[in-house]
Amino acid sequence: MNIQFNDETFRDDYSFKNSQRAIDRFPFPFHEDSYMYSVNMEQHQGGPVDSVYEKRFDVDEHYVSEMRDREMVLADDPLRCQSLPHMTLAGWDLLELIMVSKSEDYPELFELHREGANWHWINKPLGIDDRFVFMDDTTLPYGPMEYITRQTQGDFCVLDQREENLWMDAGIVTTQADWSLDFDIGMNFFEWHAPVPLAHEKGIFKRALKFLLNIQQGAPARRLNWTMTVNPLLDTSPENYHKWGVQKMSLTPQNLAEKQYLRVELQTFFRLPRSNALVFPIRCYLMSFKDIVSKPKWGRRLHRVVRDIPEELATYKGFIDNRPMMLEFLSRYDDGLPTSFGVWPDSHTEPALIESTS
Amino acid sequence: MNVPAPNSTAPKLTGAEKIDVTITAIVPLNDLVTRFEFKRSDGSLFPTFSGGAHTVVEMQDGDRKRLNPYSLMSDPANRETFAISVRRDDEGRGGSLFMHNKVKIGDPMVISYPVNLFSLDLRARKHLFIAGGIGITPFLAQIKQLVRTNGNWELHYSCRNASLGSYVDELTQKYPHSVHIHYDDEKDFIDLENLLHGQPIGTHLYVCGPKGMIEWVRSTAGAAGWPTAHIHYEEFLAPKPGKPFAVRLAKSGVTVKVGAHESLLEAIERLGVEAPYLCRGGACGQCETDVIESDGAFMHRDHWLEDEEKALGVKIMPCVSRFEGKTLVLDR
Ligand code: HEM
Ligand code: FES
């Protein structure tokens, strides 16, 4: 796969865009015409060729620009990256996992050469060529977690496992859906999930935690989560709410198709070998409503999901005020025909939209 | 069930991933304990693991398949060889006897990926290890890991007598200041109360050994005011033989007779019904199964269910627990 990296921004002039390939492989999160929280987890052992599920750490056309955006966020706010002292070993585990995975999965982009503890890492897209001693912190410009996650798309939470719980004791978080690492650092699974509506009552977090505690080496898992974002903005953090919150009010029926984005998180879970910690990469994919409705099935389905989603969820996800405007747009792409089961666009079998005459 | 990417399968719950291995060394250590070393059959490297992890070894003993967990005792950074040490149990259900009597160098075997239910708390300022007998094995790997990262640790290891002290010489030679050996036949017992009293703040306590020892260490530390989060223990229960009993598996629509020398989990697997597990020793919670109907008495032997749950008789851990009575129907 020869990836053309975009030169684009996720702020100010928002020059972010998705190519046709990116649209085709977008991880549309709804497998049916409605949505409710559930323990939606499955194995992360590959997926269809060229899908975002295929590789352990998906690298796409936004890679270089996303890393540039992360650098800017970190320069403004160093607390977006934190690691409690006992998490350094987990940081090395993560560095090894990512370097080994990327050099095996994308040999034309990344190379890792190891002679004992002397490692040589080449990252061609970012122009990095570094030699360092594995497990020796003094030989890297940053701690091991920060070093490798400045070169990997998506946020990362590194969870310590003890007392039958997971603890958010390290992470790098610059592309989040309105939550703060600085606030959550040191919290356990139930504490950091406290703001989520309905899911606690349904016992979802209890079951999810049980599953996570038992994730084993060599058997990673994944799930999808989603929300809505106005403008292709990666850093929707509480710290910067004053900057992006107001943009939600800039939505108009005229600009909605291009300005309103469905934001999907591909969340994966890997057990780390030396530390027995769990790493939770959260990879964010953005797609405008305009691009979504280019797939008839996705347009029909998104309309039905947004229309029927419980108010609590629409409020928590922050789009309750704009929902009527979204529905007005999306309803034009829902002719009432049934949709096929599953997340794939089924472009060849799904009927084209019957344009309404009214 | 929500399925984000419908073409892939649901998470595998029946045990960890498997590795094909070949036995490369069999080293008797004393009358009871033998070390077995494995290499990967395809010549590739093992995954690294964290000290305290175990592997589940599959033993094909005639037409019976046994799966027993053993702590990995080799150096976690050694990716060429995995090693376990097995204590022969003449009264047990035969897993250790199979390893001791039937396994030969060059034999192919299947083991699981490392699973850690007894990991170090890396926040600890100091790790205090208490081992009894074969309970030394997880500590051997943890010590190697801590030595590499300059961790602060101390081991108190209690054995029946000098001739049964597996790895005593190696430990005392390499770490004379950190290792303390106690022999029962010399009436040399661990002075636990004083030992606990002298520990710096931030010490974590780990114990692995016979049931009685684990209870003694936990209760002594608890009475001395140690927070439970600082007390770690691992006890793998081997399933115990018992009276045969019948169980109906409601979802699968079959009835199975559990033999005297097999566990309920093994009987379920024998019928080809998929059942989740990880530790097969009553510790991980993975095999928890709902009881739909019962008329009789449960022999709960796991460390997983709460006492109230055990009393209610609505759940059972089939890896180690049994049943005696008229009817048992499980949601499996
Ligand atoms: C250990 C890994 C995980 C981490 C670090 C994590 C972290 C988070 C965080 C920080 C939030 C935002 C909470 C807020 O509003 O402040 C969140 C939301 C949520 N999490 Fe998790 N989570 C993890 C695993 C899971 C799993 C396995 C599930 C499975 C059910 C889950 C379900 C949810 C749900 C349903 C929400 C609400 C999301 C929304 O509606 O947008 N999480 N999680
Ligand atoms: S398999 Fe671990 S408790 Fe039964």
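Residues numbered from 1 in each chain as written. Chains lettered and ligands numbered in written order. Predicted model: local features only at pLDDT ≥ 70, side-chain atom pairs only at ≥ 80, totals over all residues. Heavy atoms only, no water.

**Observations concerning the nonpolar core**
Soluble globular proteins tend to pack their nonpolar side chains together in the buried interior.
Residues and elements named next belong to chain A.
Then step 1. Leu 166, Leu 212, Trp 226, Met 228, Leu 262, Phe 289 and Leu 302 are the most contacted members of the largest nonpolar core, which has 61 residues in total.
Then step 2. A per-element tally of this core places helix H7 (residues 204-213) first, with 7 residues.
Then step 3. Not counting residues within four places of it along the chain, the set of residues in contact with Leu 212 comprises Met 41, Gln 161, Leu 166, Phe 189, Phe 269, Arg 271 and Leu 278.
Then step 4. In this structure, Leu 74, Tyr 106, Leu 140 and Met 145 belong to the second largest nonpolar core, which totals 38 residues. (Core = buried A, V, L, I, M, F, W, Y, C linked by side-chain atoms within 4.5 Å. Buried < 20%, exposed > 50% of the residue type's maximum accessible area, 1.4 Å probe, protein only. Helix = DSSP H or I, 4+ residues; strand = E, 2+ residues; numbered from the N terminus. Contact = heavy atoms within 4.5 Å.)

**A look at the site of ligand 1**
Residue and element names in this part refer to chain A.
Then step 1. Taken together, 25 residues are adjacent to ligand 1, and Tyr 37, Trp 192, His 193, Tyr 316 and Lys 317 come closest.
Then step 2. At 2.4 Å from an oxygen atom of ligand 1 is found a side-chain nitrogen or oxygen belonging to Tyr 37.
Then step 3. Between ligand 1 and His 193, the relevant distance is 2.8 Å, taken from a nitrogen atom to a side-chain nitrogen or oxygen of the residue.
Then step 4. Broken down by element, the shell around ligand 1 gets its largest block of residues, 4 residues, from H7. (Near = heavy atom within 4 Å. Polar contact = N/O pair within 3.5 Å; in protein donor to acceptor, adjacent residues only side chain to side chain.)

**Here we look at empty space enclosed by the protein**
All names here are of chain A.
Then step 1. Considering all chains together, one arrives at 5 cavities of 30 Å³ or more under this definition.
Then step 2. Considered as a void within the structure, the largest cavity measures approximately 140 Å³ in volume.
Then step 3. Lining the largest cavity are 19 residues, with Arg 56, Phe 57, Asp 58, Gln 153 and Arg 283 sitting closest to its centre.
Then step 4. Sorting the residues of the lining of the largest cavity by element identifies strand S6 (155-162), strand S9 (260-271) and strand S10 (278-288) as the ones contributing at least two each.
Then step 5. Residue contributions to the lining of the largest cavity peak at 3 residues, all from S10.
Then step 6. Split into classes, the residues belonging to the lining of the largest cavity amount to 8 nonpolar, 5 polar and 6 charged.
Then step 7. Within this model, the second largest cavity holds a volume of roughly 100 Å³.
Then step 8. Asn 18, Asp 60, His 62, Tyr 285 and Leu 286 are the residues nearest the centre of the second largest cavity, which is lined by 13 residues in total.
Then step 9. When residues in the lining of the second largest cavity are grouped by element, the largest group, 3 residues, is from S10.
Then step 10. Here the lining of the second largest cavity is built from residues that sort into 8 nonpolar, 2 polar and 3 charged. (1 Å grid on protein atoms, 1.4 Å probe; cavity = no way out; pocket = protein on both sides within 12 Å on 5 of 7 lines; lining within 4 Å. Points joined across faces, edges and corners; volume = space filled by probe spheres on them. Nonpolar A, V, L, I, M, F, W, Y, C, P; charged D, E, K, R; others polar.)

**Concerning the side chain of Ser 112 of chain B**
Residues and elements named next belong to chain B.
Then step 1. As for its placement among the helices and strands, Ser 112 is situated in strand S6 (residues 108-112).
Then step 2. When its relative accessible area of 3% is taken as the criterion, Ser 112 is described as buried.
Then step 3. A polar contact of 3.0 Å, which involves the side chain of Ser 112, links it to the backbone nitrogen of Val 56.
Then step 4. The contacts of Ser 112, once residues within four sequence positions are left out, are Ala 16, Glu 17, Lys 18, Ile 19, Thr 55 and Val 56.

**Quick word on the environment of Lys 297 of chain A**
Residue and element names in this part refer to chain A.
Then step 1. Within the secondary structure, Lys 297 sits in helix H11 (residues 296-308).
Then step 2. A sequence separation of 264 residues divides Lys 297 from Asp 33, and the C-alpha atoms of the two residues are 10.0 Å apart.
Then step 3. If we skip the residues at most four places from it in the chain, Lys 297 touches Thr 339, Ser 340, Phe 341, Gly 342, Val 343, Trp 344, Pro 345, Asp 346 and Glu 350.

**Let's talk about the coordination of the iron atom of ligand 1**
Then step 1. Only one protein atom coordinates the iron atom of ligand 1: His 193 of chain A (NE2), located 2.0 Å from the metal.
Then step 2. Take His 193 of chain A: it is sitting in the loop between helix H6 (189-192) and H7. (Donors = N, O, S within 2.8 Å, 3.2 Å for Na, K, Ca; no water.)

**Considerations on the domain arrangement of chain B**
Residue and element names in this part refer to chain B.
Then step 1. According to the domain assignment, chain B contains domain 1 (18-115), domain 2 (126-234) and domain 3 (245-330).
Then step 2. The C-alpha-based centres of domain 1 and domain 2 are spaced at 24 Å.
Then step 3. Buried surface at the junction of domain 1 and domain 2, summed over both partners, amounts to about 1,400 Å²; 56% is from carbon and sulfur atoms.
Then step 4. Among the residues of domain 1 in contact with domain 2, Asn 30, Ser 71 and Met 73 are the three that bury the most area, contributing 30% of the side total.
Then step 5. For the interface between domain 1 and domain 2, the tally reads 1 salt bridge.
Then step 6. The salt bridge involving Arg 148 is made with Asp 75; its shortest N-O contact spans 2.8 Å.
Then step 7. Where domain 1 packs against domain 2, one counts 7 residue pairs in polar contact (both at pLDDT 80 or more).
Then step 8. The set of elements that each furnish at least two residues to the side of domain 1 that touches domain 2 consists of strand S2 (33-40) and strand S5 (82-87).
Then step 9. Split into classes, the residues belonging to the side of domain 1 that touches domain 2 amount to 8 nonpolar, 7 polar and 4 charged. (Domains from an automatic or database assignment. Buried area = accessible area lost by both parts, 1.4 Å probe. Salt bridge = Lys/Arg side-chain N within 4 Å of Asp/Glu carboxyl O.)

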